[in-house]
Amino acid sequence: MIVSTDSKEIAGEAERVGLEVPFFRPGEFATDASLTIHVVQHALSELGSSWDAVMILQPTSPFRNVEDIDRCLELFANTKPTAL
């Protein structure tokens, strides 16, 4: 899993728990007005073809827990969705 951030502090915490931070997000995609789709497009562009799926975990949606995330990943793995 990778983390897209413009923060060295967040990158450090992400790496501390075993996540990858292969690039830093440009400032233009790190404002309160930035659209999530642009952040995702930037990340996918940086990664090239080395990704299988996208999961967005925004800090502005705090009412989720690890069990919710695990259930979503299990559902994804079991249903094998296809791209639109």
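Residues numbered from 1 in each chain as written. Predicted model: local features only at pLDDT ≥ 70, side-chain atom pairs only at ≥ 80, totals over all residues. Heavy atoms only, no water.

A. Layout of the overall build of the protein chain. In terms of regular secondary structure, the protein chain is built from 3 helices and 0 strands. A buried classification covers 17% of the 84 residues belonging to the protein chain. In the protein chain, the proportion of contacts linking residues at least 24 apart, taken out of those at least 6 apart, comes to 9%. Split by element, the accessible area of the protein chain, about 6,800 Å² in all, is 57% carbon and sulfur. Of note, the protein chain has its 6 positive side-chain charges centred 3 Å away from the centre of its 13 negative side-chain charges. (Helix = DSSP H or I, 4+ residues; strand = E, 2+ residues; numbered from the N terminus. Buried < 20%, exposed > 50% of the residue type's maximum accessible area, 1.4 Å probe, protein only. Contact = heavy atoms within 4.5 Å. Areas by Shrake-Rupley, 256 points an atom, 1.4 Å probe, with all protein chains shown as cover. Lys, Arg positive; Asp, Glu negative; His and termini not counted. Charge placed at Lys NZ, Arg CZ, Asp CG, Glu CD.)

B. Inspection of helix 3 (residues 66-79) at higher detail. Compared with an ideal rise of 1.5 Å per residue, which puts 14 residues at 20 Å, helix 3 spans 20 Å between its outermost C-alpha atoms and is within 8% of the ideal. Among the residues of helix 3, the N-terminal cap falls to Asn 65, whose side-chain oxygen and the backbone nitrogen of Glu 67 are separated by 3.0 Å. Trailing helix 3 by a residue or two, Lys 80 shows a phi angle of about 45°, which is positive. (Expected span 1.5 Å × (residues − 1). Polar contact = N/O pair within 3.5 Å; in protein donor to acceptor, adjacent residues only side chain to side chain.)

C. Local environment of the pattern of salt bridges. One pass over the full model with this rule turns up 2 salt bridges. Salt-bridge contacts for Glu 13 lead to Arg 16; the nearest nitrogen and oxygen are separated by 3.0 Å. You can see Glu 13 and its partner Arg 16 sitting in helix 1 (residues 8-16), 3 residues apart, about one turn around the helix. Accessibility expressed as a relative area gives 43% for Glu 13, which makes it partly exposed. Between Asp 68 and Arg 71 there is a salt bridge whose closest N-O contact spans 2.5 Å. Here Asp 68 pairs with Arg 71, and both are found in helix 3, just 3 residues apart, close to one helical turn. (Salt bridge = Lys/Arg side-chain N within 4 Å of Asp/Glu carboxyl O.)

D. Quick peek at the confidence of the model for the protein chain. Averaged over all residues, the pLDDT of the protein chain equals 89, while 98% of them reach at least 70. Confidence scores differ between elements of the protein chain, with helix 3 showing the lowest mean pLDDT of 90 and helix 1 the highest of 96. (pLDDT = per-residue confidence, 0-100.)

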